[in-house]
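What follows is the residue order along each chain.
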Amino acid sequence: MLGLRRLAVAASVHRPVRRLSTMSPPTSPILSVQPTRGLVDEKLKVVVESLPPGSPVTLHSLHHSEDEDYWEAFGHYVSDFRGMVSVSEDLSFGGTYTGKEDMGLLWSMRPVPGSRKGLRLRKMNVCSPMLHNISVYSGHVSEGFREQTPLTSVLVERWYMAPGVKRIDIMEKGVRGTLFIPPGPGPFPGLLDMWGGGGGLIEYRSALLASHGYVSLAMDYFNSQELESADLEFKYFETAFNIIKEHPQVIPDRVGMFGLSLGSLVTMHVAAESTIVKPRCCICVSGSHFYPRDRTIKEVIMEPRSNSHRLRIDENNHHVWRDMWIHLLDDPSKKVDVGKINCPILLVNGKDDQNVPADECAEDIALLMNAAGNGHLLSRVLYPDTGHLIEPPYSPHFRASNFKAAGVATKTVMLLWGGQTKPHSDAQEDAWRKILSFLQHNLYSSTPPRAKL
Amino acid sequence: MDRKRCTLKLLVQPSRGLVDEMFIILVQKAPSGFQLTVHALHKCEDGHSWEAFGHYTADTIGTVNVSEDPSLGGTYSGVEQMGLLWSLRPVPGSKPGLRLRKMNVQIPMEVTISVYQGHQTEGFMDQVPLASVVVERWYMAPGVSRIPITEDRLSATLFLPPGPGPFPGLLDLWGGGGQLVEYRASLLASHGIASLALDYLTPKITMETRKMVDLQYFEKAYKILEQHPQVHGSSIGMLGLSLGTSITLKMAAYSEVMKLRCAVCISGSHVQPVDGSMEDILKHFNKNADRTRVSEENEFIWRDLLLPVPSDLAFKVDMGRLKCPLLVVVGEDDQNWPASESAMDMKEMMEQAGNSHLLTVLSYPNAGHLIEPPYTPHARASLFRSMATREKMMALWGGETAAHSLAQEDAWRKLLVFLRENLYSGTNPGTPSLSHL
């Protein structure tokens, strides 16, 4: 709980020692945040009372990340004539978000002024919570929060793991990953959870899915030295899928696949081509279906370098990859044979995805599936002004961030992901709800699965 | 029901909550009219297992909502949202006389809530439930700091709320069992009050010198709070349970050093030798040890040792001297202290002295001695190491479980409102932010 102590020390160091010699009791406002310990996809209720009536205040949230950066969000409010501010009901007049936004203090967070550039907020250790210091400041403050003393503050924990979820390191049959198992006897449906080209072992979405009742395997599929051929690579995913399927607490015919970005591509490819693995359903977030046959994923990541004439660099020096593969739309040999998919598949995309031409790909996938006669299995959602990184709700949006392709000797670049913060955050919230209901319908319901939500 | 195709879902919200927060338990997608048992299991720090359970019948859409549906039997019955916690009892085969108390407040109580098929009453551990979840119950909110205090030879722990402060302060005293018991102070800090839990019967200094503490010990504790940079020095209260009440009243009435803003006395009495030391107070209680009664189950009843309430003013705190609001909480079935009789006498004394406007008495029928924070199990009797004899004896505390649990819930809510009204100013009575309790 080092971060916690650090925040507590920060509070007492910045505050001058104050001995109030008056006889009257303190009149500080009362801040209540519910729940103080919640899952990251749960809503917060933030209420301030005992303020002077009609007075301007700022609600501020501060997070100290695992990478040692500070992130903040704030909203400007005016108390009503009972001396109250209720974030879920009152309008924010300014700050990092405006309007009636019950979760604005989380999704509108951004690195504090003076931070390093290109940051992205991701929790790597899911066994501990994210800590947010929620404070009330007098007046409408927009900067210099660290130099001022708030009127009051509380600490809030946001967890990716519900109590009782078990986390198990997997090193089996060449597959490396982390398995998350919900509490209870089971058996449970399962999910193979795959991220994108940044690689590494990203556990938070799996931990959250297990907190919702799915045995979930987060896979590390880039750093393996063994995956030198496309064939070996394909077998790796099949093996991973079977590890879940054969787990004693998993219902074997209720295992699905969940991918983001490159992970989506793998999901579609395995669903279409595998004779061994039969996912019950698939979720593909921000994915394209450009899978060069007989080539490895590593080679796919290398693609940008050889296609560098198609790479765009925008006015902010951000790399835009979305146009690099559009030409592949016309070449069937460069695309996953989606006509062979025979399970319900949900595509979640952002219209402003600057990394992958998600909109065009979704259209093409629909065309191909309709032509093949399996179009009834496809559901699509496309969110306006939403970028590539469609993550669990209330996590901050980054229009661009530092990116280093995994396992390949490339330099770090600033990749443009796209999206405008408010619509992107709304999309994350809506997408997550639809994803959970899709999974509930296809993996939990006892009726035969249907594609439409 | 085929477990392989079981789609029954169990949801408990919040999954991580404070001990005094309510939770909602929802069972969904059970077959219509399905009979089931909702079960709670807790393994305490001493390694004992505690359980509670309620019998329910799912409605036509297969739902059971513990906050709305009646339990048809089990360790509690009727509509009892929190019954699975307050009716927890040691599992069959446990040793007698157990009492559930959290000593390490930095980690939560973990309770496993499960659903079993049918209306069952035993053998839960030999079966596989249909579903189960784990719920954490915390005595400390995030951001509360725990600070051990050893200066001035005190054995105490200070709990500070998160935020810059300054906060009102509170001295928190338990009773004749001694030890440094932190859980109520940490919970009060979670509600915005800087609270100091003080061990005054078994502190290090007493263990080393074999001498009981003097009254300056309490005044030193008060000073620590008063001088703390994050505590509002003129907003300090005191709370005592059982023997802690005796100290609280003594300090409130006679201390020149302590300027208490308010006081709370739970399950105690004002009867004590007025100029007595700690030793004198304890000796006074034991003077009438022959008035000890023993119940049919061989439990010791000590309530008569201080009865009748004396009329001799040398043996009871002069309640007319009190200048601060006082909340007195008593259980009418208290078998350990004559709390009800004392409360009545305190009221009379204050009416005669003209300061009874300061007094609020909360008297709960069928509640016993150990009126604790809500949703924790009730112990009608438990093993208690008496300070006088140093032996472990089975003390009868009293109280009927359902009524006692209701009393705990009501008393805690009223206690928090009382503290907030008296330690903060400008608050609205009945603050909505307590509504989640």
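Fair warning: this is a prediction, and the values are worked out from it, not measured in the lab.

(A) Spotlight on the overall build of chain B. A tally of helices and strands in chain B yields eight helices and 21 strands. Each principal axis of the C-alpha atoms in chain B carries an extent, and together these give about 70 × 55 × 45 Å. Buried positions account for 63% of the 437 residues belonging to chain B. Relative to all contacts within chain B whose residues are 6 or more apart in sequence, the contacts with residues 24 or more apart total 69%. Looking at chain B as shown, the accessible area adds up to about 16,800 Å², and 50% of this sits on carbon and sulfur atoms. In chain B, 40 positive and 47 negative side-chain charges are present, and the distance between their average locations comes to 5 Å.

(B) Here's a closer look at the side chain of E136(B). You can see E136(B) is positioned in strand β9 (residues 131–138). On the basis of relative accessibility, which here comes to 8%, the residue E136(B) falls in the buried class. One polar contact links E136(B) to R16(B), side chain to side chain, over a distance of 3.1 Å. At 3.0 Å, the side chain of E136(B) and the side chain of W138(B) are in polar contact. If we ignore the near neighbours within four places in the chain, the residues touching E136(B) are P163(A), S15(B), R16(B), G17(B), P108(B), M109(B) and E110(B).

(C) Examining the sheet that holds strand β6 (residues 85–86) of chain A more closely. Residues and elements named next belong to chain A. A sheet is described by the order of its strands in space; here three strands give the open sequence β1-β3-β6, paired in antiparallel fashion. Looking at strand neighbours, the two that pair on one side only are β1 (30–34) and β6, the edges of this open sheet. Where strand β3 (residues 45–49) lies against β6, two bridges are found, and the strand directions are antiparallel. Bridging across to β6, V48 finds its partner in V85.

(D) Representation of a positive patch on the surface within the structure. Together, K95(B), R210(B), R385(B), R390(B) and K392(B) make up a region of like positive charge exposed at the surface. Relative to the helices and strands, K95(B) resides in the loop between β7 (89–90) and β8 (109–117).

(E) Quick look at the pattern of salt bridges. Residues and elements named next belong to chain A. Evaluated as defined, the whole model comprises 39 salt bridges over all chains. A salt bridge links K43 to E429, with the nearest nitrogen and oxygen atoms 3.3 Å apart. Note that K43 is positioned in the loop between β2 (37–39) and β3 and E429 in helix α8 (residues 421–444), a separation of 386 residues in sequence. Linking R167 and D169 is a salt bridge whose minimum nitrogen-to-oxygen distance equals 3.4 Å. Taking relative accessible area as the criterion, R167 reaches 33% and is therefore assigned partly exposed.

(F) Structural detail: the packing of helix α5 (residues 243–254) of chain B against helix α6 (residues 278–287) of chain B. All names here are of chain B. Running from N to C, α5 and α6 cross one another at 130°; their axes reach a closest spacing of 12 Å. In this view, α5 runs oblique relative to α6, as classed from their interaxial angle. Between α5 and α6 the crossing geometry is right-handed. Between α5 and α6, the residues in contact are L243, S246, I247 and K250 and M278, I281, L282 and F285, respectively. Its residues assigned to classes, the contact of α5 with α6 comprises six nonpolar, one polar and one charged.

(G) Structural context of the side chain of S87(B). Residues and elements named next belong to chain B. On the secondary structure map, S87 appears in the loop between α1 (83–86) and β7. Using a relative accessible area of 5% as the deciding quantity, one classes S87 as buried. Side-chain polar atoms of S87 contact the backbone oxygen of G83, separated by 2.6 Å. Residues in contact with S87, not counting those within four places in the same chain, are E51, A52, T75 and Y76.

(H) Just the UniProt feature "active site" (unreviewed entry) in chain A, in detail. Residue and element names in this part refer to chain A. Those places that UniProt annotates as "active site" (unreviewed entry) correspond, in this numbering, to S261, D353 and H388. Taken along the chain, the residues just named run across 128 residues; in space they keep tight, none of their C-alpha pairs more than 10.6 Å apart. Of note, S261 is situated in the loop between β14 (250–260) and α5 (262–273). Overall, S261 belongs to the buried group, its relative accessible area being 13%. Those residues within four positions of S261 in sequence are excluded, and the remaining contacts are G196, V285, S286, G287, N355 and H388. By secondary structure assignment, the location of H388 is in the loop between β19 (378–383) and β20 (400–403). Under the relative-accessibility criterion, H388 is labelled buried at 1%.

Definitions and limits used
- Residues numbered from 1 in each chain as written.
- Chains lettered and ligands numbered in written order.
- Predicted model: local features only at pLDDT ≥ 70, side-chain atom pairs only at ≥ 80, totals over all residues.
- Heavy atoms only, no water.
- Helix = DSSP H or I, 4+ residues; strand = E, 2+ residues; numbered from the N terminus.
- Buried < 20%, exposed > 50% of the residue type's maximum accessible area, 1.4 Å probe, protein only.
- Contact = heavy atoms within 4.5 Å.
- Areas by Shrake-Rupley, 256 points an atom, 1.4 Å probe, with all protein chains shown as cover.
- Lys, Arg positive; Asp, Glu negative; His and termini not counted.
- Charge placed at Lys NZ, Arg CZ, Asp CG, Glu CD.
- Polar contact = N/O pair within 3.5 Å; in protein donor to acceptor, adjacent residues only side chain to side chain.
- Pairing = 2+ DSSP bridges.
- Patch = residues over 30% accessible without salt bridge, like charges linked within 9 Å, V, L, I, M, F, W, Y side chains within 5 Å.
- Salt bridge = Lys/Arg side-chain N within 4 Å of Asp/Glu carboxyl O.
- Axes fitted to C-alpha atoms, helices over the stretch in contact; angles between N-to-C directions.
- Parallel < 35°, antiparallel > 145°, perpendicular 65-115°, else oblique.
- Left-handed = near helix turned anticlockwise from the far one by under 90°.
- Nonpolar A, V, L, I, M, F, W, Y, C, P; charged D, E, K, R; others polar.
- UniProt positions renumbered as here; feature names shortened; annotations may be inferred.

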